Amino acid sequence: MSSSESESEAPKKLYLSPIAKPLADPKLTLKLLKLVKKASKDKKISRGVKEVVKQVKKTKDSSRNKNRICIIAGDVSPIDVISHIPVLLEESGIKYIYVPSKESLGTASSTKRPTSIALVDLDNDSEHKKLLSQCLEKIPAVNI
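Basis of the calculations
Residues numbered from 1 in each chain as written. Predicted model: local features only at pLDDT ≥ 70, side-chain atom pairs only at ≥ 80, totals over all residues. Heavy atoms only, no water. UniProt positions renumbered as here; feature names shortened; annotations may be inferred. Buried < 20%, exposed > 50% of the residue type's maximum accessible area, 1.4 Å probe, protein only. Helix = DSSP H or I, 4+ residues; strand = E, 2+ residues; numbered from the N terminus. Arc of directions from axis to C-beta. Contact = heavy atoms within 4.5 Å. Salt bridge = Lys/Arg side-chain N within 4 Å of Asp/Glu carboxyl O. Pairing = 2+ DSSP bridges. Axes fitted to C-alpha atoms, helices over the stretch in contact; angles between N-to-C directions. Core = buried A, V, L, I, M, F, W, Y, C linked by side-chain atoms within 4.5 Å.

With an unreviewed UniProt entry as reference, the protein is termed H/ACA ribonucleoprotein complex subunit 2, source organism Dictyostelium firmibasis. Quoted verbatim from the Subcellular location (unreviewed entry) field of UniProt, the annotation for the protein is "Nucleus, Nucleolus". Word for word, the UniProt comment on the protein under Sequence similarities (unreviewed entry) is "Belongs to the eukaryotic ribosomal protein eL8 family."

As structure tokens, this is what we get:
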């Protein structure tokens, strides 16, 4: 076995921005991506920076924000694209968490393009409410 073969077998290390905290562990990442996929089928998702910022600014009502979760990709470059969003989310009382890859977030949200951010906005009577509450419980209480 040559050295070039062993280098290609080594897993590639993903770029992660320094502000990507709290970062979801692999098990929680799978749950979050599953939630995004289900919300995307029900059309209860906003994706992309412009859309998410518009939704967050439009509804500052804290009672509705309890059913919302924002998933941000941790490998967005340049960081300036998403650096202002955690502050907006904290002011609105929406929980957020980072996932390692924008490609997987884009795939889960039913787009062919990588997605840097997705906001899941479920109704009180949604069938995916249980999965949302499981994800919200595991997100650290630092960012509320």
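Alright, that's what it looks like, and here's the rest.
Caption draft 1: How the structure looks around helix α3 (residues 49-58). Among the residues making up α3, those that are buried are V49, V52, V53, Q55 and V56. Angularly, the buried residues of α3 cover 165° about the axis, an arc narrow enough to put them on a single face. Across α3 from its buried face, at more than 90 degrees, point the exposed residues K50, K54, K57 and K58. The elements touched by buried residues of α3 are β1 (45-47), β2 (68-73), α5 (85-92) and β4 (117-121).

Caption draft 2: Highlighting helix α7 (residues 129-138). Buried residues of α7: L131, L132, C135 and L136, and no others. The buried side chains of α7 occupy one side of the element, clustering within an arc of 135° when seen end-on. Seen from the buried face of α7, the exposed residues on the opposite side, beyond 90 degrees, are K130 and E137. Along its buried surface, α7 packs onto α2 (26-41), β2 and β3 (95-99).

Caption draft 3: Inspection of the pattern of salt bridges at higher detail. According to the stated counting rule, one finds one salt bridge in the structure shown. In this structure, D121 and R68 form a salt bridge, with 3.2 Å as the shortest nitrogen-oxygen distance. Here R68 lies in strand β2 and D121 lies in strand β4, a separation of 53 residues in the sequence. The exposure class of D121 is buried, given its relative accessible area of 13%.

Caption draft 4: Layout of the sheet that holds β1. If you walk across this open sheet you meet the four strands as β1-β4-β2-β3, and the pairing is mixed. Both edges of this open sheet fall to β1 and β3, since each of them pairs with a single strand only. When strand polarity is set aside, the average angle formed by the axes of neighbouring strands in this sheet is 20°. Here β2 pairs with β4 via five bridges, running antiparallel. Bridge pairing in β4 links I72 to I117. On the sheet, α5 packs against β2, β3 and β4 and is oriented at approximately 150° with respect to β3.

Caption draft 5: The arrangement of the nonpolar core in detail. Within the largest apolar cluster, 40 residues are counted, with the highest numbers of intra-cluster contacts made by L32, I69, C70, I72 and V120. Elements supplying a minimum of two residues to this core: α2, α3, β2, α5, β3, α6 (102-108), β4 and α7. It is α2 that contributes the most residues to this core, six residues altogether. Setting aside chain neighbours within four positions, we find I69 in contact with L32, L35, I94, K95, A118, L119, V120, L132, C135, L136 and I139.

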